[in-house]
Amino acid sequence: GAEAAIQASMAGPGSEPGELSDSELLLLLEPGDQALQPGFGVRLKRAQTPLEKYYLKYLCVTDLSTQSWCEQQMVYGRELPQLQVPETVVLLNTGKSIHLARELEVHDVVRVHVTSREDSWAIKILNLLSVIPELQAGGCVRELPVFGVIEDVFLMGIIDELCYSATGELELRELKTRGRPFMPSGAQKKRDYFQVCLYKYIFDAMVQGKLKPDVITSHIQLRPEQPLGSQIREHAQKVGFTVTCFGDLLELMYLNLTLSDIPGIDCLKIEYSHQESNTLLGTEVVRFEEEKVREKAQHYLAYWKGQREVQGVEIEEAWKCQSCSYSEICDWRKKRAEGPEQRSGPKKSK
DNA sequence: ATTGCTGAAAGG
């Protein structure tokens, strides 16, 4: 917080390096700081952004949507996945198997041996490419990979289902299975809305030709000249593509996406269903507001880029902590319990 | 380089 910042900026010569927190390191790097002068004696490490700290070259759409539930929880989830309460794990796994069963209704899943990082990205691209003819034939596709860049951060996601509706609109459907037989709270809906809006944002940019081959190779650090493994080439051939290196596939992806005149997504729907009884609880139609989506994404990505500290939920949403696996160890909660909370702005007079 | 890195989504 602000207090810690003042202390660190006063650290003079002779203070020991090595025991500094991330925020203190950031301060030492302020331009004009005397610690930056040569011969000062403090060995400086550049403060890592969360993206660097976790060695992430890209984020998933669900990283951002879970972040919108609680950013602090999302971070703990990454650091201490084994701490998740068993109840939650069961719920998630049930949802997972329901999704898999639905995927298998529309296509088979085969295992392909990979020999390089380029190979594993080639699989994603082939999965994307193979849905184009299916969509054009008016079919329904599931588990379709999408990628794109927002705020200079590469994002990847998997769209649950994409179909042309009876009225000829391209419709995205996201299935959410639930443990209890009623519609979710506003907070959950909000998270799910954001998730599907991100899918549309990324998908539309992709079919509009904004995802150039070099965007992928530069963000993910892949080599276009890397030869693809034999199993990958074999699989590509089955889908109708003759490729030798990763770059070939990137070019094909770009051409197919832009020349196949697939429209942007017209309609976003979320279907909530009850796990146990397998009954539909309700369908939400989501309004897409590009500017709002971009603003939200910008806010969440600011954390990842090290432009701001991690945040937990506001006091109004502290009820979320009741179902959180990390509530006992949560720094955000501790901070809130201790501090006499110097909120900015005047207090509400009631 | 005081090292190196990834199935996404799964639900409250």
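Scroll up to find the structure.
Remember, it's a predicted structure, so these values are computed and weren't measured experimentally. (Residues numbered from 1 in each chain as written. Chains lettered and ligands numbered in written order. Predicted model: local features only at pLDDT ≥ 70, side-chain atom pairs only at ≥ 80, totals over all residues. Heavy atoms only, no water.)

A.B. asks: Which residues make up the pattern of salt bridges, and what values go with them?
C.D. replies: The tally for this structure, following the rule as stated, stands at 21 salt bridges. Note that Lys-200 is salt-bridged to Asp-204, the shortest N-O span being 2.5 Å. Here Lys-200 and its partner Asp-204 are both found in helix α8 (residues 186-207), 4 residues apart, which amounts to about one turn of the helix. Considered together, Lys-200 and Asp-204 belong to a single accessibility category, that of buried residues. It is possible to trace a salt-bridge network through shared partners that takes in Arg-102, Glu-105, Arg-142, Glu-161, Glu-171, Arg-173 and Lys-269. (Salt bridge = Lys/Arg side-chain N within 4 Å of Asp/Glu carboxyl O. Helix = DSSP H or I, 4+ residues; strand = E, 2+ residues; numbered from the N terminus. Buried < 20%, exposed > 50% of the residue type's maximum accessible area, 1.4 Å probe, protein only.)

A.B. asks: Go over the packing of aromatic side chains with me, naming the residues and quoting the values.
C.D. replies: As enumerated under the stated definition, the model contains 9 aromatic pairs in all. When the centroid spacing of 5.9 Å and the interplanar angle of 90° are considered together, the rings of Trp-69 and Trp-319 count as edge-to-face. With Trp-69 in helix α4 (residues 61-69) and Trp-319 in the loop between α12 (290-304) and α13 (331-338), this residue pair connects regions lying 250 residues apart in the sequence. For the pair Trp-121 and Phe-154, a centre-to-centre distance of 5.9 Å together with 75° between the ring planes defines the contact as edge-to-face. On the criterion of sequence distance, the pair formed by Trp-121 in helix α7 (residues 117-136) and Phe-154 in strand β3 (residues 153-164) is long-range, its members being 33 residues apart. With respect to burial, Trp-121 and Phe-154 carry one shared label: buried. Three or more aromatic residues joined by ring pairs make a cluster, and in this case those are Tyr-58, Trp-121, Phe-147 and Phe-154. The ring of Trp-69 is capped by Lys-320, whose NZ or CZ atom sits 4.4 Å from the centre of that ring. (Phe/Tyr/Trp six-rings, centres within 6.5 Å; stacked < 30°, edge-to-face > 60°. Lys NZ or Arg CZ within 6 Å of the ring centre and 35° of its normal.)

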